[in-house]
Amino acid sequence: MRSHYSLFYLYDGEQPVRFQEARVFDSTVWTAGGAVMTWGEEGRSDYVSEPAAQAAYAAHCHATLADGYMLAQARVIDPAVFEFGLLQNLVRDGARRAFNAARTAHPTQHLNAFALLSDDSAMTIGPVANSREALAASEYGEEMLWNPGEWCFGDGGAYLDSAYRMLLQAHRGLPFQLDFATFRRGVFEACIAALEELDSEGFFGVGEQRDDCMLLFEVTDSEAVEGAMARLNPPAVVARFDTWMSSWSD
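Residues numbered from 1 in each chain as written. Predicted model: local features only at pLDDT ≥ 70, side-chain atom pairs only at ≥ 80, totals over all residues. Heavy atoms only, no water.

### Some words on empty space enclosed by the protein
Think of a ball as big as a water molecule: rolled over the atoms, this probe shows where empty space is left. To keep things clear, this is the line we draw: Lining residues are those with an atom within 4 Å of a point, where the points come from a 1 Å grid over the protein atoms alone and group into cavities, where a 1.4 Å probe fits but cannot get out, or pockets, open sets with protein on both sides within 12 Å along at least five of seven lines. Grid points are joined across faces, edges and corners, and a volume is the space filled by probe spheres set on the points. The helix and strand labels rest on DSSP assignments: H or I over at least four residues marks a helix, E over at least two residues marks a strand, and numbering proceeds from the N terminus. Residue type decides the class: Asp, Glu, Lys and Arg count as charged, Ala, Val, Leu, Ile, Met, Phe, Trp, Tyr, Cys and Pro as nonpolar, and the leftover types, Gly among them, as polar.
One pass over the structure, following the stated rule, counts two cavities of 30 Å³ or more. Lining the largest cavity are 14 residues, and of these Tyr5, Glu21, Arg165, Gln169 and Leu174 sit closest to its centre. Of all the secondary structure elements, the ones that give two or more residues to the lining of the largest cavity are strand 2 (15-25), strand 5 (70-77) and helix 5 (161-168). Quantified by volume, the second largest cavity comes out at close to 30 Å³. What lines the second largest cavity is simply Arg75, Ile77, Val81, Phe82, Glu83, Met166 and Gln169. Per-class residue counts for the lining of the second largest cavity are four nonpolar, one polar and two charged.

Here is the structure:
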């Protein structure tokens, strides 16, 4: 049962601030809207036929554009297939904008730690960053470095809203047929691969500058994703992490 889906945003400059989304399946039109990076308010309307639902969906999309929203996505969704490649692209582009927003917002800080955070149910995604200055000022020292939930800068999260919308389709009670283990594993892999892409561009520096920069993906309240540390960091950073871990067993 394939369904049509559209996502719209209102922007403040380049940053999305409010969303509207709509989806039609069978004779039902589902909508949601609100501030970005929130669940928003959702509604469902059932129609007497599929053509009537399609017409209502088209009318809703037209009205959303008339309200000043801009179309960000228009695609067909197959409930049995999750587009992990699209998710990876959205995470990559959103993380690039988010981390650049953090750099712009804190020009006197030397940002040298970047991470994406999700949760055990693969329902959220958010960027965080930290700096040499913040680490030096922390009473927790090296422990802070490897715990991105304690980092200081969370700018630019709105740029990851479109990726967040994709995750929510597995949690909203919408038609979704992928088993959870496959979904969760694929979401985490997409996030790690997106960070790898940015790293390959030199986004986090090269040479000695890169050796001084930490790049992490963390699932809160869960085990670390096996292999992520080594995939996302050069040997110098991995060795620093191993030394810190060893200090806990001494």
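### A closer look at the side chain of glutamate 21
The line we're drawing: Distance and chemistry together define a polar contact, namely a pair of N or O atoms within 3.5 Å, with one atom able to donate a hydrogen and the other to accept it when in protein, and with adjacent residues in sequence counting only for side-chain atoms on both sides. Only heavy atoms matter for contacts: two residues are in contact if any of them lie within 4.5 Å across the pair.
Relative to the elements of secondary structure, glutamate 21 occurs in strand 2. In this structure the side chain of glutamate 21 is engaged in a polar contact, spanning 2.6 Å, whose partner is the side chain of tyrosine 5. Not counting residues up to four positions away in its chain, the partners in contact with glutamate 21 are Tyr5, Ser6, Leu7, Trp30, Thr31, Ala32, Arg165 and Arg172.

### Considering the pattern of salt bridges
Note the cut-off: Any carboxyl oxygen of Asp or Glu within 4 Å of a side-chain nitrogen of Lys or Arg constitutes a salt bridge here. Each residue is assigned to one of three classes by its accessible area relative to the maximum for its type, calculated with a 1.4 Å probe on protein chains only: buried under 20%, partly exposed between the two thresholds, exposed over 50%.
Applying the stated criterion to the full structure yields 16 salt bridges. Between arginine 240 and glutamate 142 there is a salt bridge, with the nearest N and O atoms lying 2.8 Å from each other. Remark: glutamate 142 occurs in helix 4 (residues 142-145) and arginine 240 occurs in helix 9 (residues 235-249); sequence separation between them is 98 residues. Looking at glutamate 142, the relative accessible area reads 27%, which means it is partly exposed. With a closest N to O distance of 2.7 Å, glutamate 196 and arginine 231 form a salt bridge.

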